[in-house]
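Okay, here's what each chain looks like letter by letter:
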Amino acid sequence: MDPMFLNLGIPQQAANAAVASSTPPGTGQVNGLPQESKLATYISSTVGNIPDFVPGASGNSGLAHSSSTPSFHTLSGIGSPSLGTSSSLGFTAMTRSSPAGPVASPQRPASPQGSPTRGRRSPQVTASSEETSNASSVPTYHENVGGTTYFFTAQDQNFAGGAAAPSPAPFPAPQPALVFPPFHVLPPTPAHVHHLRSSNNPPHFFMGDDLRHEILERHALSMAHIDPEQFPDIPQEVDMYHELVPLEPQHGLNKSSIFGYATSVYKATNVKTGLHYCLFRIHSYRLNNVKVTQLVDLWKKLQHSSVVQLREVFTTKAFNDNSIVFVYDYHAGAETLAARHFSAAALSANGWEGLANPPTVSAGSGAIDTPQRNLHKNLQHNSGTTLIPETILWTYIIQLTGALRAIHTQGLACRTLDPSKIILTDGKTRIRVNCCGIIDVLNFDPNVANPLANMPQYQQEDLVSLGRLMLALACNSILAVQRDNIQSALELVNRSYSRDLSMLVVCLLTAQRIKSINDVMPMIGARFYNALETITQKADVYEAEIYREVHNGRLFRLITKLNTIADRPELNMDTSWSETGDRYLLKLFRDYVFHQVTDDGRPWLDLGHVVSVLNKLDAGSPDKICLMSHDEQNILVTSYSELKRCFERSFNELLQAASSHKTSLS
């Protein structure tokens, strides 16, 4: 087969049909194609692939296109292509993943479908049946370069995917080629995100202050520890978990009105994985039947964004009693709905029953305050602007109904829709249902043949619990769920909120009107789109923050490599390695970036200068740079492109030295 058709997926018949002529003198060949050929230009642009710094990798010469960016070929699962192999072009891995547009990244070579070369090919009229009796019936296209005609079949359109199209479509009209910058740089903030920001948050290189503070606070809480001397009752290790940190006050543990046992909650670290989890401990409980693991397995398989997932359940005597521990995902900085929306007096109780206050005597008057009278006082106090906005209530409803729908679809029931068992994980409106599955384990009856037989009844109770929860939130008072106060609470909801919200609460409290959680979906209506819009806007903002961190990480890798070279004491027993040759230039460049001073000798600290210069080095810019020695006796004028070559050669020496050392040890 003619070498010019290697790796192009072209049949031999099309190869034999090529009209060859003499190659112009002085023309180099790339895989059998003249250099001025558009196809040869495309092939040449796909060959340059030099691996990036990966600890433990072999010391091949050179780096990737970007000195601080991983090789795209490495990420796509293929190695450095070479023209001598049958897969040298690597077209399969370089196909664009998105068919939305023909523009491809400059670092990820464009596929033939998106290449500008494709638009410049002209369709070839097929010959008569007598002339092509021995040739393929597939239409061909050709390109004339330097007097030589190169033919391409319709299979060339799909050789990136490895399959031929049964009926190729005609090529689109020629489009102007796009010029991409041969470097990485942080573009401006997208316009749709820029206008979402407040005016007091100017553009910057780093993550926004509010988001950074929130993330750092969560990290600090995740890494928090306790003093073992102050908590002698907490064991050092429980099963496969250690570093226990209590998440609730340890003094005066009361029996939970929801579970019927004393409980405590800890943050712990898994010994094997190092991940943080939440341990929910039930005190003084002995598991008598292992059949309950069937229900536990069902809960472990349930995954939903609004449900804190159960990971495992085990019994332990590490607390000097028979305890059962439920392991859930840990969300740092989470708080309960009870802590966010209800009074401090309500926080000490667990569940609706504990929050129902008995009649009290008013100080000084001797009059008895009934729960209904307390509710009226609370409603008068909460009237006006203190009520929770309706948009927040609908956001809660959408998330809770989504969680219930996922739970009920699996044939299970939540049974913990309580303000003390629902947590906010972002400090705003992102909520998750916690402690699912605990009641099923504690109340498991081994004598029942089917443990899921009563689930339909429990699912109806979930709907009523949802109605009571929303009624309490709408009234901003936990007393609203008491039987004597429900009518007054509903009147407040009718006056303060829309009719849709009032009807939803009434229907949930009356279980006969709503038979399934799916019946709630139509009542939410178009408000679902409002919640979706809020979520998508938030996702856009987070995506813009990721854009920054991508380039921050790129510059960090570049600085890391530079500092592994500059001022290295020795390499391969050569103590002058960092002071000679390429390394000396890089040392002066390091001083140019970080150690400059003003005219009066003060340190010159300019982040914009650092970022700009590092980006030019990463791109190999042809701009000139003036470097001065420490004694100010020598001045070197060079370019960023030459510095980049020095950088690559020096770092490859380090890679080779590291690889040879590992080989000798093995």
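Residues numbered from 1 in each chain as written. Predicted model: local features only at pLDDT ≥ 70, side-chain atom pairs only at ≥ 80, totals over all residues. Heavy atoms only, no water.

Draft legend 1. Region of the structure containing helix α14 (residues 455-475). In this model, α14 (21 residues) spans 30 Å end to end at C-alpha, consistent with the 30 Å of a helix rising 1.5 Å per residue. With 15 of 21 residues buried, α14 is to be regarded as a mostly interior element. Asn476 occupies a position one or two residues after α14 and carries a positive phi of about 55 degrees. (Helix = DSSP H or I, 4+ residues; strand = E, 2+ residues; numbered from the N terminus. Expected span 1.5 Å × (residues − 1). Buried < 20%, exposed > 50% of the residue type's maximum accessible area, 1.4 Å probe, protein only.)

Draft legend 2. Spatial organisation of the packing of α14 against helix α16 (residues 499-509). Put simply, α14 and α16 touch, their axes get as near as 7 Å, and they point 140 degrees apart. Classified by the interaxial angle, the pair formed by α14 and α16 is oblique. Viewed along their axes, α14 and α16 form a crossing whose handedness is left-handed. Between α14 and α16, the contacting residues are Leu463, Val464, Leu466, Gly467, Arg468, Met470 and Leu471 on the first element and Val505, Leu508 and Leu509 on the second. Split by residue class, the contact of α14 with α16 holds eight nonpolar, one polar and one charged. (Axes fitted to C-alpha atoms, helices over the stretch in contact; angles between N-to-C directions. Parallel < 35°, antiparallel > 145°, perpendicular 65-115°, else oblique. Left-handed = near helix turned anticlockwise from the far one by under 90°. Contact = heavy atoms within 4.5 Å. Nonpolar A, V, L, I, M, F, W, Y, C, P; charged D, E, K, R; others polar.)

Draft legend 3. Summary view of the nonpolar core. Membership of the largest hydrophobic core comes to 80 residues, with the highest contact counts inside it found for Phe280, Phe326, Leu400, Ile438, Met470 and Leu473. Leu555, Ile625, Tyr640 and Ala657 belong to the second-largest nonpolar core, a separate cluster that totals 26 residues. (Core = buried A, V, L, I, M, F, W, Y, C linked by side-chain atoms within 4.5 Å.)

Draft legend 4. Quick look at the sheet that holds strand β16 (residues 431-433). A sheet is described by the order of its strands in space; here three strands give the open sequence β12-β15-β16, paired in antiparallel fashion. Strands at the two margins of the open sheet, each flanked by one partner only, are β12 (335-336) and β16. Here two bridges tie β12 to strand β15 (residues 422-424), and the two strands are oriented antiparallel to one another. Of the residues in β15, the one forming a bridge with Thr336 is Ile423. Seen against the sheet, helix α12 (residues 390-409) touches β15 and β16 and runs at an angle of roughly 30 degrees to β16. (Pairing = 2+ DSSP bridges.)

Draft legend 5. Focus on the environment of Ala332. Locating Ala332 in the fold gives a position in the loop between β11 (323-329) and β12. Residue class for Ala332 comes out buried when judged on its relative accessible area of 10%. Considered as a pair, Ala332 and Arg218 are 114 residues apart in the sequence and their alpha carbons are 5.2 Å apart. Ignoring any residue separated from it by four or fewer positions in sequence, one finds Ala332 in contact with Arg218, Leu221 and Ser222.

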